[in-house]
Each structure stands twice: as structure tokens, then as C-alpha cells.
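For reference, the chains in residue letters:
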Amino acid sequence: MLKNNDIRVHKYSNYFVITMRVVHQSLVNYCYLVIDQFSRNAVAFDPAWELEKIEGVLDGYDAILISSCVTHHHRDHIDLAEAMSIRHAVAIHMSQQAVEFYEVNIQNLITFSGEENIKLLGISVKPIITPGHTRGSTCYLVGDSLFTGDTLFIEGCGICIQRGASPHDMFKSLTRLKSILPGKTRICAGHNYGREPGERLSYLLAENPYLNIDDQESFVEYRMRETSSLRF
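These notes cover the structure that comes with them. (Residues numbered from 1 in each chain as written. Predicted model: local features only at pLDDT ≥ 70, side-chain atom pairs only at ≥ 80, totals over all residues. Heavy atoms only, no water.)

### A look at unusual backbone geometry
Okay, so step 1: The phi dihedral of Asp46 falls on the positive side, at around 55 degrees, and the residue is not glycine.
Okay, so step 2: Counting through the fold element by element, Asp46 comes out in the loop between strand 5 (41–45) and helix 1 (51–60).
Okay, so step 3: The buried category is assigned to Asp46, whose relative accessible area is 5%.
Okay, so step 4: With a phi close to 50 degrees, Leu121 is a non-glycine residue in the positive phi region.
Okay, so step 5: Of note, Leu121 is situated in the loop between strand 9 (118–120) and strand 10 (123–129).
Okay, so step 6: For Leu121, a relative accessible area of 62% corresponds to the exposed category. (Helix = DSSP H or I, 4+ residues; strand = E, 2+ residues; numbered from the N terminus. Buried < 20%, exposed > 50% of the residue type's maximum accessible area, 1.4 Å probe, protein only.)

### Here we look at helix 3 (residues 81–88)
Okay, so step 1: All buried positions along helix 3 are accounted for by Ala81, Met84 and Ser85. Relative to the axis of helix 3, the buried residues are bounded by an arc of 100 degrees and lie together on one face.
Okay, so step 2: Residues of helix 3 that are buried in the fold lie against helix 1, strand 6 (64–69), helix 2 (75–78) and strand 7 (91–95).
Okay, so step 3: Phi turns positive one or two residues past the end of helix 3, at Ala89, with a value near 55 degrees. (Arc of directions from axis to C-beta. Contact = heavy atoms within 4.5 Å.)

Right under this line is the structure:
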């Protein structure tokens, strides 16, 4: 169901996934709300930039924010996490590796070092730690929806050039995702480079070049090639 050009709503077995396109100057991101259709409890993933838009969706669904989950520390993925956590008196979940390595210092932060399910008042969130774009970068699985931040896009994968990044780790993370996730998994990425978020992993396995390189050194050479754009 299309609400407007910036907000898309998808209803699955017992929850809604709200995809929100948010903008700050030249920066464009996708952040997400998962809302339990019965309790109306909601979890935010990578809330950034447009507070009124996100709060408007919460209000429109009579939803109660119970937590935020952050894939990595970059500003365009964490911009509103602290403000919303204070406003709603809720925790922010982020990997311990990321918090320690990048010295993240925000209020209401809860870290995890493993991949045990985070159970949030009826919403079960499984963190999958996927280093590569950053140290401790994490994807989150809710039902059949995987929130990938900058690890995996529909069309490519995140850059591996900044402090804590590693194309070798990215290869291992993507290889692991391919091995543990079914093809029906919906990929809810942090950015859009031509295809709307929510494509099935089976589509990416056919069309995403980074998921079709099986040799680590070939992957690293391709990811780090001088002629590549940032994501391709």
C-alpha cells in the first residue's frame, strides 16, 4: 500500500513494515518502523533526519515506540536515535564492537556482543553482526525482513574505505548472509540506487554482482577497484 511518495506500508503476517524516505540536504536515507498489528508496539531502525515524518507515522498508527536499533554509527543512520530515545524513554540497541571501536557516546544505549534475539514486548529482533562497511556493523532480522543499513543494498554493497572498514570482512559477511537466509527474505536497505527497498534476497542473488563473486580476493579487487562508484 502506497501512502505517499516518501512512505510505503507493507503488512505481513502480524506486523507492518513502514519504509520512510528521509532527506537532509543532499543526503537521502531509508529508515524503518516495524509495528506489531495487535499491540501497536513499534521498533525503529536507523531513525534519521525527519523527526516529524517518523513521529507522524507513529501517531497515524497509534503506535508506541519501544526501542530503536542502529545498524552502524554513521550520522545518516543514527541522527535521531538519541532524540527519539529521550522523547519516548526507550533504549537504543547497537553492537558492542561498534560502540567500543568508534567510542559512541549517546544516552539510553544498550549493547550486544552476540546474536541472541532481542525480545521487545512482542517483537523479536535478531541481530546479525556483519562487519565490512564499518566495524561491528549489524543487520537486524524481524520475521522475513532484514534491515541492512549500508551492508547490503538491492544493487550493491557498502563502501569499505573508512576507519574500521574491511572488504575482506564484507565478503565474509555477505557470504554468511547468503548461507543463513532464505531466498524469501526481504532486504530493507539504508539507501536506494535504482530499486525500491524490500526486494527478495532471491532477486539479489540473481542481480546483485557482489553476491555473485565466490572468491574472496576477486571480491576485494572488484569492491576496491578505482573505477567503481561508491556503491557499485
